[in-house]
Amino acid sequence: MAIQLFVPTFDVEGCLNEIRECLEKGWTGMGFKTIEFEEMWKDYTGLRNAHYLNSATVGLNLAFEIMKEEYEWFDDDEVITTPLTFVSTNHAILLAKLNPVFADIDDTLCLDPESVEKLITSKTRAILYVGMGGNTGEYIKIVKICEKYGLKLVLDAAHMAGTRLNGEIPGKEAEVVNYSFQAVKNLPTADSGMICFKRNDFDIIARKKAWLGISKDTYARTEPVGSYKWKYDVEYVGNKYHGNSIMAAIALTQLKRLDYDNAYRKQISQWYRDGLKAYGDKIKFIRIPYGCESSCHLFQIMVEDRDGLMEYLNKHDIFPGVHYVENTQYKMYSYAEGTCPKASYASDHILTLPIHMRLKYEDIQMVIKRIVEFISN
Ligand SMILES: *Cc1c(COP(=O)(O)O)cnc(C)c1O
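What you are looking at is a predicted structure, and each value in this text was computed from that prediction instead of being measured.

**Q** Mind showing me how you'd approach the overall build of the chain here?
**A** Helix and strand content of the chain: 13 helices and 14 strands. By the compact-globule yardstick of 21 Å for 377 residues, the chain fits well, its C-alpha radius of gyration being 21 Å. On the principal axes, the C-alpha backbone points of the chain span a range of 75 × 55 × 35 Å. Every one of the 377 residues in the chain was classed for burial, and the buried ones make up 57%. Relative to all contacts within the chain whose residues are 6 or more apart in sequence, the contacts with residues 24 or more apart total 72%. With an accessible surface of roughly 16,600 Å², the chain has 52% of that area assigned to carbon and sulfur atoms.

**Q** Is there a simple way to think about the sheet that holds strand β12 (residues 299-302) in this case?
**A** Backbone-to-backbone hydrogen bonds join strands into a sheet, with any given pair of strands oriented parallel or antiparallel. Read across the sheet, three strands follow the order β10-β12-β14 without closing on themselves; strand pairing throughout is antiparallel. Whereas interior strands pair on both sides, the edge strands pair on one side only; in this sheet they are β10 (284-285) and β14 (350-353). Direction of pairing for β12 relative to β14: antiparallel, over a ladder of four bridges. Looking at β14, one finds that Met302 is bridged to Ile350. Docked against the sheet, helix α10 (residues 258-276) engages β10, β12 and β14, running at close to 25° with respect to β12.

**Q** It is not clear to me how unusual backbone geometry should be interpreted in this structure. Could you clarify?
**A** What is expected of a backbone is that most residues other than glycine have negative phi and most peptide bonds are trans. Put simply, His323 and Tyr324 share a cis peptide bond, and its omega is 10°. The topology assignment puts Tyr324 in the loop between β13 (318-319) and α12 (341-349).

**Q** I keep staring at the nonpolar core and nothing clicks. Help me out?
**A** As a rule of thumb, soluble globular proteins bury nonpolar side chains together. Of all hydrophobic cores here, the largest spans 82 residues; its most connected members are Phe37, Trp41, Ile127, Tyr179 and Ile301. Residue contributions to this core peak at six residues, all from helix α13 (residues 361-375). Grouped together as the second largest cluster of nonpolar side chains are 25 residues, Val58, Trp73, Ala92 and Ala126 included.

**Q** Any chance you could explain α13 here in plain terms?
**A** Three- or four-residue spacings in an α-helix give side chains the same orientation, since the helix completes a turn every 3.6 residues. Its 15 residues give α13 an end-to-end C-alpha distance of 21 Å, which sits within 8% of 21 Å, the value for a rise of 1.5 Å per residue. Along α13, the positions that sit buried rather than exposed are Ile364, Val367, Ile368, Arg370, Ile371, Val372 and Ile375. Elements in contact with the buried residues of α13: β1 (3-4), α10, β12, α11 (306-315), β13 and β14.

**Q** Can you walk me through the environment of Tyr241 in this structure?
**A** Mapped onto the elements of the fold, Tyr241 is located in the loop between α8 (218-221) and α9 (245-255). Overall, Tyr241 belongs to the buried group, its relative accessible area being 13%. For the pair Tyr241 and Thr328, spaced 87 residues apart in the sequence, the C-alpha separation amounts to 28 Å. What Tyr241 contacts, discounting residues up to four positions off in sequence, is Leu53, Asn54, Val58, Asn61, Leu62 and Ala210.

**Q** Where do I start with the packing of helix α1 (residues 12-25) against α9 in this structure?
**A** The description of two packed helices rests on the angle between their axes and on the distance between the axes. The geometry of α1 relative to α9 is characterised by a closest axis approach of 8 Å and an angle of 145° between their N-to-C directions. Here α1 runs over α9; the crossing is right-handed. Touching Gly14, Cys15, Glu18, Ile19, Cys22 and Leu23 of α1 are Ser245, Ile246, Ala249, Ile250, Leu252, Thr253 and Gln254, all from α9. Split into classes, the residues belonging to the contact of α1 with α9 amount to eight nonpolar, four polar and one charged.

**Q** How should I be thinking about the domain arrangement of the chain in this particular structure?
**A** Segmenting the chain into domains produces domain 1 (12-255) and domain 2 (258-376). The straight-line distance from the C-alpha centre of domain 1 to that of domain 2 is 26 Å. Counting from both sides, the interface comprises 42 residues of domain 1 and, opposite them, 37 residues of domain 2. Buried area between domain 1 and domain 2, both sides added, is near 3,100 Å², and the carbon and sulfur share of it is 54%. The interface formed by domain 1 and domain 2 includes three salt bridges. Mapped by element, the contributors of at least two residues to the side of domain 1 that touches domain 2 are α2 (33-45), α4 (87-95), β4 (99-102), β7 (164-165) and α9. Element by element, the count of residues in the side of domain 1 that touches domain 2 is highest for α4, at four residues.

**Q** Can you help me understand the sheet that holds strand β8 (residues 176-180) in this one?
**A** Judged by pairing direction, the sheet is mixed, and its seven strands sit side by side in the order β2-β9-β8-β6-β5-β3-β4 without closing on themselves. Because the sheet does not close on itself, it has two edges, and the strands there are β2 (51-53) and β4. Averaged over all neighbouring strand pairs, the angle between strand axes comes to 25°, with direction disregarded. Alignment of β8 against strand β9 (residues 193-197), held across five bridges, turns out to be antiparallel.

Reading the values: the criteria
- Residues numbered from 1 in each chain as written.
- Predicted model: local features only at pLDDT ≥ 70, side-chain atom pairs only at ≥ 80, totals over all residues.
- Heavy atoms only, no water.
- Helix = DSSP H or I, 4+ residues; strand = E, 2+ residues; numbered from the N terminus.
- Rg over C-alpha atoms; globule rule 2.2 N^0.38 Å.
- Buried < 20%, exposed > 50% of the residue type's maximum accessible area, 1.4 Å probe, protein only.
- Contact = heavy atoms within 4.5 Å.
- Areas by Shrake-Rupley, 256 points an atom, 1.4 Å probe, with all protein chains shown as cover.
- Pairing = 2+ DSSP bridges.
- Axes fitted to C-alpha atoms, helices over the stretch in contact; angles between N-to-C directions.
- Core = buried A, V, L, I, M, F, W, Y, C linked by side-chain atoms within 4.5 Å.
- Expected span 1.5 Å × (residues − 1).
- Left-handed = near helix turned anticlockwise from the far one by under 90°.
- Nonpolar A, V, L, I, M, F, W, Y, C, P; charged D, E, K, R; others polar.
- Domains from an automatic or database assignment.
- Buried area = accessible area lost by both parts, 1.4 Å probe.
- Salt bridge = Lys/Arg side-chain N within 4 Å of Asp/Glu carboxyl O.

Encoded structure:
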């Protein structure tokens, strides 16, 4: 049987029970389960605000749109960001007509604080930080840099559901944190995300903007208080970004098993490390700093001949991934090509090994065996 990179695993009965409640009640849209999940997420993370959206991508878009308007940033003001990420991250900056400035990564594959600090100018407004694979990297140093220079911190936590730093969910320091509950992330739904603003007033704006700029949510409008349900105001030009109760039904079921799932991901990572550590001259692991308990969304290695290894594994029915090709190799961001040598190196040498809940010890040993075969030749 083929060994795939990611296969989402659901508590099927649990999800169906929650979805059944929506269907029986006749409420599948925003409100009801979305509110229940927002409350559960705030409890779980300790973050002050949480608004459930239909993806993390729209959350990132909303984050920059709102910050730019509320802080009165100008077009072409700068956001320092990483080239090693999914394109949603950097598109959000461009969509807000801001300018992505690419800093290099370090051996955690997250932004290198030194590289970031060198790029700060009078036009810098924010730092967009990605916790690669669930790793916090040097997050605290980035927080300090933001404090020192008065910059806003945006945390793209798409990989970080369940990550702890010194025992706590990181993100309280950031202006806004965005989570993804896309199907292959650690808390899978089909597609959805959460935007968590530090400021309550920004959370309120986000709720309006995520639903066409309308100022009351549907659920509140159907409370039987004899009010004028059609009488809402429209305060902004918004988009339709909000989540729905069917997705939230899956999300709140899956949240109950997130820590358990992440513990098994950690076990898989440990099996890989144990099996491959004897080949340290040929296989490099990614550093996870002390105090970081990663969600282990990804298990990545770096090897000399990545493409060769990929081909060899594919031939043996093993399908790893690449996270990511550095964004500066794409046309959109080619103006910065060659400015981040460590990200370029990673882009060419990195490989993500299969990691998901259905993999057994024997599967991991098979992957290890094939990798060792390849690098020993
Ligand atoms: C998956 C991902 C996103 C986008 O998440 P969606 O919920 O699919 O929109 C953004 N950033 C990173 C780093 C991701 O991995």
